[in-house]
Amino acid sequence: MIPNVSSRKRPTIRDVAREAGVSYATVSRVLNGRDWVSPEAVRAVTDAIQRTGYTTNQHARSLATGRSGSIAFLLTEPQHLLFEDPNFSVLLRGVAQALSDRELTLILMIASTPEERNRTLAYLSGGHVDGVLLVSPHSGDPLLKQLVQAEVPIVACGQVLGFEDSISSVSADDWGGARTAVEHLLAAGCRRIATITGPQDTFGGVFRLRGYSDALTAAGITVDPDYIVHGDWSRESGAAGMRALLGRVPEVDAVFAASDAMAAAALPVLREAGRDVPGDVRIVGFDDSGLAATTEPPLTTVRHPLERISEEMVRLLTDVIAGRTPLSITVPTSLVIRSSSPA
């Protein structure tokens, strides 16, 4: 007869070890994700956990390991962009799932003002989290140096300019993706190609502009500063950038925007100016966010593989927390053809 569950003592690691036929130390290594456990032992322990109904006592684990079991998702952009920019929500969702799979707790933090940065630094350097997933870092932000000095484990989405050797990162191939986008426009016969860049204190902003410039140079076209306007990833900057371009270079026949949000905002500006897309002006964005397929016309864009990036960020952060050497990973991009610039 099976005893009443409510009257049973909570299963312990020693119960799991006895059920699995392995040592207490082996069970501990499996639970803590250590590398030196055989696949057979892992299977035996996993099966025993299911049979005994064992659950981890996170408080006890924290006391024993000195770890909190929590990871911070730190966005260094204004709060409203978390909801307006679809990239951040996709990245957050992927990170949440990857952390959940590892039984780690997600803590969302935003630090775009001096006050927010001070509170963030105090919290993160106080040992309340095991590591930080840094999203949209800007070079020159004093918080970055302070976190490195506090020896907080960090993995960034995109390389951190000035901290390439001390902060691990997972990046899309921003340069290659931008170059592919502009080569597509060149192959379509466009020669007066403009760009609305991302912020130039971010890795993505810098390297997407570099990819644009290198594609034009390789085609024998001089890079003209009049065809370059700077944005900040937002819709507002995309609309303002498109108006500026039409004022400077009304003969423009194509635009590569460094984000889908900016590309989408350029479309109504062109319509208001009586310019047809793609008949008069072709548009290519970057991200392949959910927004890209809903615009009129739908956007040709560079796919930013955020789902894979979020998974790689969490995996890499667990390595950094375990003491492994910081490194950078680059994830390939691809061009998605839609009506704003057909093949």
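As the structure is a computational prediction, the values presented were derived from the model and not from experiment.

Q: Hey, could you run me through unusual backbone geometry in this one?
A: Excluding glycine, residues mostly carry a negative phi; peptide bonds, for their part, are mostly trans. A cis geometry characterises the amide bond from valine 277 onward to proline 278, with omega recorded as 10°. Residue position: proline 278 is located in the loop between helix H12 (260-272) and strand S9 (282-287). Cis peptide bonds are those with omega within 30 degrees of zero, and the linkage from glutamate 296 to proline 297 qualifies with -5°. By the secondary structure assignment, proline 297 is in the loop between S9 and strand S10 (300-303). A positive phi angle is found at glutamate 103, which is not glycine, with a value near 55°. Tracing the backbone shows glutamate 103 in the loop between helix H6 (86-101) and strand S2 (105-110). Located in the positive-phi region is serine 136, a residue other than glycine, with phi close to 60°.

Q: Can you help me understand the pattern of salt bridges in this one?
A: Note that side chains of opposite charge can pair when their charged atoms are close. Under the definition given, this model contains 15 salt bridges. Residues arginine 208 and aspartate 287 are paired through a salt bridge, measuring 3.9 Å at the closest nitrogen-oxygen approach. Of the two residues, arginine 208 sits in helix H10 (residues 203-218) while aspartate 287 sits in strand S9, which places them 79 residues apart along the sequence. For the salt bridge of glutamate 312 with arginine 308, the shortest nitrogen-to-oxygen distance reads 3.9 Å. With a gap of four residues between them, glutamate 312 and arginine 308 both fall in helix H13 (residues 306-321), about one helical turn apart.

Q: Could you clarify how one ought to interpret the domain arrangement of the protein in this entry?
A: As a measure of interface size, the accessible area lost when the parts come together is often cited. You can read the domains of the protein as domain 1 (13-65), domain 2 (70-172 + 307-331) and domain 3 (174-304). Using only C-alpha atoms to locate each centre, domain 2 and domain 3 end up separated by 28 Å. Listed as interface residues are 14 residues of domain 2 and, on the opposing side, 11 residues of domain 3. It is Asn87, Leu161 and Ala172 in domain 2 that bury the most area against domain 3; as a group they hold 36% of the surface buried on that side. At the surface where domain 2 touches domain 3, the tally comes to one salt bridge. Salt-bridge contacts for arginine 303 lead to glutamate 307; the nearest nitrogen and oxygen are separated by 3.2 Å. For the pair domain 2 and domain 3, the number of links is five residue pairs in polar contact (both at pLDDT 80 or more).

Q: I would appreciate a short explanation of the nonpolar core in the present structure.
A: A general tendency of soluble globular proteins is for nonpolar side chains to be buried together. Grouped together as the largest cluster of nonpolar side chains are 46 residues, with contacts concentrated most on Ile193, Tyr212, Val255, Phe256 and Ile283. Listing elements by their share of this core, those giving two or more residues are helix H9 (174-187), strand S6 (193-197), H10, strand S7 (228-230), helix H11 (235-248), strand S8 (254-257), H12 and S9. Ranked by residue count, the leading element in this core is H12, at eight residues. Dropping the residues within four chain positions of it, isoleucine 193 is found in contact with Val182, Leu185, Leu186, Tyr212, Leu216, Tyr227, Asp253 and Ala254.

Q: Please explain the sheet that holds strand S3 (residues 131-135) as it appears in this structure.
A: By definition, the strands of a sheet pair up through backbone hydrogen bonds, in either a parallel or an antiparallel sense. Reading across from one edge, S2-S1-S3-S4-S5-S11 is the order of the six strands in this open sheet, with parallel pairing throughout. A single partner strand is all that each edge strand has here, and the edge strands are S2 and strand S11 (328-331). Each neighbouring strand pair of the sheet contributes to a mean axis angle of 20°, computed without reference to strand direction.

Q: When you look at the pairing of S8 in this model, what are you seeing that I'm missing?
A: Here S8 shows a buried face lined by Ala254 and Phe256 and a second buried face lined by Val255 and Ala257. Both S6 and S8 contribute to a ladder of four bridges, which runs parallel. Bridged to threonine 195 within S8 is phenylalanine 256. Bridge count between S8 and S9: three bridges; the pairing is parallel. Counted as the bridge partner of alanine 254 is arginine 282 from S9.

Quick notes on the rules
- Note that residues are indexed from 1 along each chain, following the sequence as it is written.
- The model is predicted, so local features are restricted to residues of pLDDT at least 70 and side-chain atom pairs to those at 80 or more, both for listing and for counting; the totals for chains, interfaces and linings are taken over all residues.
- To get the side-chain values, take all heavy atoms of the structure and skip hydrogens and water.
- Elements are defined by DSSP. Helices are runs of H or I of four residues or more, strands are runs of E of two residues or more, and each kind is numbered from the N terminus.
- Basic side-chain nitrogens of Lys or Arg form a salt bridge, by our definition, when they fall within 4 Å of a carboxyl oxygen of Asp or Glu.
- The domain boundaries here were taken from an automatic or database domain assignment.
- Pairs of residues are marked as contacts when any of their non-hydrogen atoms sit within 4.5 Å.
- Summed over both partners, buried area is the accessible surface (1.4 Å probe) that two parts give up on being assembled.
- Counted as a polar contact is a pair of N or O atoms within 3.5 Å, where, for protein atoms, one must be capable of donating a hydrogen and the other of accepting one, and residues adjacent in sequence contribute only when both atoms are in side chains.
- Among the buried residues, those of types Ala, Val, Leu, Ile, Met, Phe, Trp, Tyr and Cys that are joined through side-chain atoms within 4.5 Å form a nonpolar core.
- Burial here depends on accessible area, computed with a 1.4 Å probe over protein chains only, as a share of the maximum for the residue type. Under 20% is buried, over 50% is exposed, and the range in between is partly exposed.
- Any two strands are treated as partners once DSSP identifies two or more bridges connecting them.
- For helices, the fitted line uses only the C-alpha atoms of the stretch in contact; every axis is such a line through C-alpha atoms, and the angle between N-to-C directions lies from 0 to 180 degrees.

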